[in-house]
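A closer look at the structure
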Amino acid sequence: MTQYTQNPYGSDVMEPQQRLSMSALFAMILGIVSLVACCVPVVNLGMAGVVILLAIVGLVSISRSEGRLRGTGMAITGLVLGGLVLLLGGVWTYGAMKFGEVVVPYGEVFKAAEKRDVDLAKKIVVGSGADALTPRVLGEFHDEYSSQVGEFRGIETSVSKMFIGWMSMGGKYDAQIKQLPQDFLQGAMPIIVHFDNGDGVMWMKIDVNSRGTAPGQGYIFGQPLDIALLVEGGSKPVFLLNGRDGSGGGTGGTAPSPKPAPTEAPTAPASSEAPATP
């Protein structure tokens, strides 16, 4: 039943009491909630659409209520939040769709190791590390990781699953991460890799000035100088080169011992006496 308030000027005319627009209220509440879901592809766009619709309905209802409804500020807040989530969600969803194209090329190194394909590996690994690649090096890398987690299945292409993997990385791989050289930790983001018997995390020592080319794709993070694989249950990282490129500590191996500088043969002191004449 409509409630009325008494006219303050003493007139017998009663004015209706203002009610809050439920559309405006829900637009603001869902707008705040949608900010949390902004990083969930597709869902964020759907929630943004609902928020914007509720905000518009609320504004129209308030404008036609002849003062009986209030909540214009809430409706405007919901409209702004909905537009913001629509913009951010669109960018995030597009990025999530392209994420697979960004990370998949890096998985080619495991295919190269499995096939001992040096030419394929050199399309991925650059710098002095490429010169160190041989069928034997690739075979040793393959044999070491496959003995622990099996054969390579693929790279994780889902942003949300990749994020979950990063969140759980500390407990599973903490001891191995501590063994990584600093230049690995400063390179590209770690990539979750799937194998027959478990998962692993791929870390790369990146040449940031490089931009390789895969079929229709590019190495957006730069191409690796070396690769380290952290496997579940492992005690140490599995390196592709392990110092074979001559960089030593940069790849987790021991640096080649420098050759000692050649020493000059001692020279006999010059005699101050002149040779005797016969």
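Residues numbered from 1 in each chain as written. Predicted model: local features only at pLDDT ≥ 70, side-chain atom pairs only at ≥ 80, totals over all residues. Heavy atoms only, no water.

Regarding the sheet that holds strand E7 (residues 198–207)
On the basis of which strands lie adjacent, the open sheet formed by five strands has the order E5-E6-E7-E10-E11 and antiparallel pairing. Two strands bound the open sheet, and with one partner strand each, they are strand E5 (152–155) and strand E11 (238–239). Bridge analysis of E5 against strand E6 (residues 191–195) gives three bridges, and the strand direction is antiparallel. Note on E6: the bridge partner recorded for Phe152 is Phe195. (Pairing = 2+ DSSP bridges. Helix = DSSP H or I, 4+ residues; strand = E, 2+ residues; numbered from the N terminus.)

As for the side chain of Ser65
On the secondary structure map, Ser65 appears in the loop between helix H2 (43–64) and strand E4 (69–70). Engagement of the side chain of Ser65 in a polar contact is seen with the backbone oxygen of Ile62, the distance being 2.8 Å. (Polar contact = N/O pair within 3.5 Å; in protein donor to acceptor, adjacent residues only side chain to side chain.)

Section: unusual backbone geometry
Of note in the backbone geometry, Glu66 takes a positive phi value of approximately 55 degrees without being a glycine. In this structure, Glu66 sits in the loop between H2 and E4. With phi around 55 degrees, Arg116 is a residue other than glycine that occupies positive phi space. You can call Arg116 partly exposed: its relative accessible area is 31%. (Buried < 20%, exposed > 50% of the residue type's maximum accessible area, 1.4 Å probe, protein only.)

Focus on the packing of aromatic side chains
Given two aromatic rings, their pairing is described by the distance between the two centres and the angle made by the two planes. Evaluated as defined, the whole model comprises eight aromatic pairs. Consider the rings of Phe141 and Tyr145, whose centres lie 5.2 Å apart with planes at 70 degrees: the pair is edge-to-face. You can see Phe141 and its partner Tyr145 sitting in helix H7 (residues 135–149), four residues apart, about one turn around the helix. Ring centres 5.4 Å apart and planes at 50 degrees place the aromatic pair Tyr145 and Phe195 in the tilted group. Residue Tyr145 is found in helix H7, and its partner Phe195 is found in strand E6; the two are separated by 50 residues along the sequence. As far as burial versus exposure is concerned, Tyr145 and Phe195 are alike and both buried. Through a chain of ring-to-ring contacts, three or more aromatic side chains come together here, namely Phe110, Phe141, Tyr145, Phe152 and Phe195. (Phe/Tyr/Trp six-rings, centres within 6.5 Å; stacked < 30°, edge-to-face > 60°.)

A short note on a nonpolar patch on the surface
On the surface, a cluster of nonpolar side chains totalling about 350 Å² of accessible area is made up of Met22, Phe26, Ile29 and Val33. With respect to the helices and strands, Ile29 occurs in helix H1 (residues 22–36). Looking at Ile29, the relative accessible area reads 39%, which means it is partly exposed. (Patch = residues over 30% accessible without salt bridge, like charges linked within 9 Å, V, L, I, M, F, W, Y side chains within 5 Å. Areas by Shrake-Rupley, 256 points an atom, 1.4 Å probe, with all protein chains shown as cover. Salt bridge = Lys/Arg side-chain N within 4 Å of Asp/Glu carboxyl O.)

Comments concerning the pairing of strand E10 (residues 223–231)
Across the nine residues of E10, nine count as buried, placing the element largely inside the fold. Sheet analysis places E7 next to E10, joined by eight bridges and oriented antiparallel. The residue bridging Trp203 from the neighbouring strand is Ala228, located in E10. Note that E10 and E11 share two bridges and pair antiparallel. Following the sheet pairing, Ala228 is matched in E11 by Phe239.

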